[in-house]
Amino acid sequence: MPNASSWSASSPLLLLWEDSSGTRIFLSLLYAVLAISGTLSNVMVIYLVFSFKKLQTTSNAFIVNGCAADLSVCALWMPQEAVLGLLPPNSSSLRSAEYRLLRGGLLGLGLTVSLASHLLVAFNRYVLITKLPSVYQALYQRRHTGCMIGLSWALALLLVPLLPGLWTSGSAQQPPLRQTDGSSRYTALLLALAVLGQTALLLHCYLGIVRRVRGSAKRVSVLNFHLLHQLPFPAAPPPPRRSQRRLSSVSVLLLCCVFLLGTQPLVWVSLLGFFLRPAPPALQAASWLLLCALSALNPLLYTWRSEEFRRAARSVLP
């Protein structure tokens, strides 16, 4: 049976061999809830954007790209984890290395593209607010937008096969080799540093938006890009200038806080395990669960304050 350190370094899957039946059933129910809610919300956002022309903006194209990636986690990976959690720990499905590799590949692909989409959305909004309209138009032509989306998937497809130690665990009968464990620790470190760098860029973009909106409401009002449909705050009716700046800042900061809550626990747990000692398995499982839960929350993060999305949803839902 793998010990805590080998589990932490070599597997992102949250079903621990030593978990009790009650814990595994609880995780299965949690996966089921996240899978259903995440699948419905991601599919709804994709459907609304493709069905309503007013929602077909560049920023929403990146949001749809993230929703498609999140579906590989919510609709393909989470249901398998929910079912496997109800199986006995010595099940042949859990011991199959090929099947674990497939599950890990779905998770890695979805999370990589989803995190890249977060950064693409943030950079798009940063350029939209802080740069001249001509710069935005030149950078976000249809062809350039398609290339950015394609590169996010190409990067994910390139990285996932290179991270076998992170996406697969050792045998259920014996712990992984020491060499594999060391390689997995370095892989986890690189993953943590990559997420940390992505988070720093995302915060730079959104805090730059907050500074610009708070400092110059006039700058926002003269752009002819339907800004309030691209940003996570209400589109109509426009509130007074001071309250608009306050609402804009609160909405952006709330989005950043939810993103940090979902990503940073895994980063610091991975860094702790590399430089000091592995964190308890329950803490590692909780950090991965928060990151995976972000796939179910992403559609709400980017649409809950948009009047256009709410109006489109009301026209579709009974």
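Reading the values: the criteria
- Residues numbered from 1 in each chain as written.
- Predicted model: local features only at pLDDT ≥ 70, side-chain atom pairs only at ≥ 80, totals over all residues.
- Heavy atoms only, no water.
- UniProt positions renumbered as here; feature names shortened; annotations may be inferred.
- pLDDT = per-residue confidence, 0-100.
- Helix = DSSP H or I, 4+ residues; strand = E, 2+ residues; numbered from the N terminus.
- Contact = heavy atoms within 4.5 Å.
- Axes fitted to C-alpha atoms, helices over the stretch in contact; angles between N-to-C directions.
- Parallel < 35°, antiparallel > 145°, perpendicular 65-115°, else oblique.
- Left-handed = near helix turned anticlockwise from the far one by under 90°.
- Nonpolar A, V, L, I, M, F, W, Y, C, P; charged D, E, K, R; others polar.
- Phe/Tyr/Trp six-rings, centres within 6.5 Å; stacked < 30°, edge-to-face > 60°.
- Buried < 20%, exposed > 50% of the residue type's maximum accessible area, 1.4 Å probe, protein only.

Identification of the protein chain as GPR88 protein from Probosciger aterrimus is taken from an unreviewed UniProt entry. The UniProt entry for the protein chain carries the following text under Subcellular location (unreviewed entry): "Membrane".

**A closer look at the confidence of the model for the protein chain**
Model confidence for the protein chain is summarised by a mean pLDDT of 76, while 73% of its residues fall at 70 or above. Mean pLDDT values over the elements of the protein chain span from 37, in helix α1 (residues 4-10), up to 92, in helix α7 (residues 142-159). Segment residues 167-180 is flagged for pLDDT under 50; beyond a separation of four residues in sequence, or across chains, it makes 25 contacts in the model. Within the model, the stretch residues 231-247 combines pLDDT values under 50 with 28 contacts to residues more than four positions away or in other chains.

**Re the packing of helix α2 (residues 21-51) against helix α13 (residues 281-303)**
Interaxial distance between α2 and α13 falls to 9 Å at its minimum, and their mutual angle equals 30 degrees. With respect to their mutual orientation, α2 and α13 come out roughly parallel. With respect to the hand of their crossing, α2 and α13 are arranged in left-handed fashion. On α13, the residues that touch Leu-30, Tyr-31, Leu-34, Ser-37, Gly-38, Ser-41, Asn-42 and Val-45 of α2 are Leu-289, Ala-293, Ser-295, Ala-296, Pro-299 and Thr-303. Across the contact of α2 with α13, the residue classes break down as eight nonpolar, six polar and no charged.

**Some points on the UniProt feature "transmembrane region" (unreviewed entry) in the protein chain**
The UniProt record marks residues 25-50, 62-80, 100-123, 144-167, 187-209, 250-276 and 282-304 with the feature "transmembrane region" (unreviewed entry), using the residue numbering of this structure. In this annotation, residues 282-304 is assigned 96% helix and 0% strand; the end-to-end C-alpha distance for the span is 32 Å.

**As for the packing of aromatic side chains**
Counted according to the given criterion, the structure contains four aromatic pairs. Taking 5.6 Å as the distance between ring centres and 80 degrees as the angle between the ring planes, the aromatic pair formed by Tyr-31 and Trp-77 counts as edge-to-face. Remark: Trp-77 occurs in helix α3 (residues 58-84) and Tyr-31 occurs in helix α2; sequence separation between them is 46 residues. Comparing Tyr-31 with Trp-77, the two get one shared label, buried. The interplanar angle of 70 degrees and the centroid separation of 6.0 Å between the aromatic rings of Phe-62 and Tyr-140 together place this pair among those described as edge-to-face. Taken together, the positions of Phe-62 in helix α3 and Tyr-140 in the loop between α6 (133-139) and α7 put the pair 78 residues apart, joining distant regions of the chain. Considered together, Phe-62 and Tyr-140 belong to a single accessibility category, that of buried residues. Taken together, Phe-62, Tyr-136 and Tyr-140 form an aromatic cluster joined through their ring pairs.

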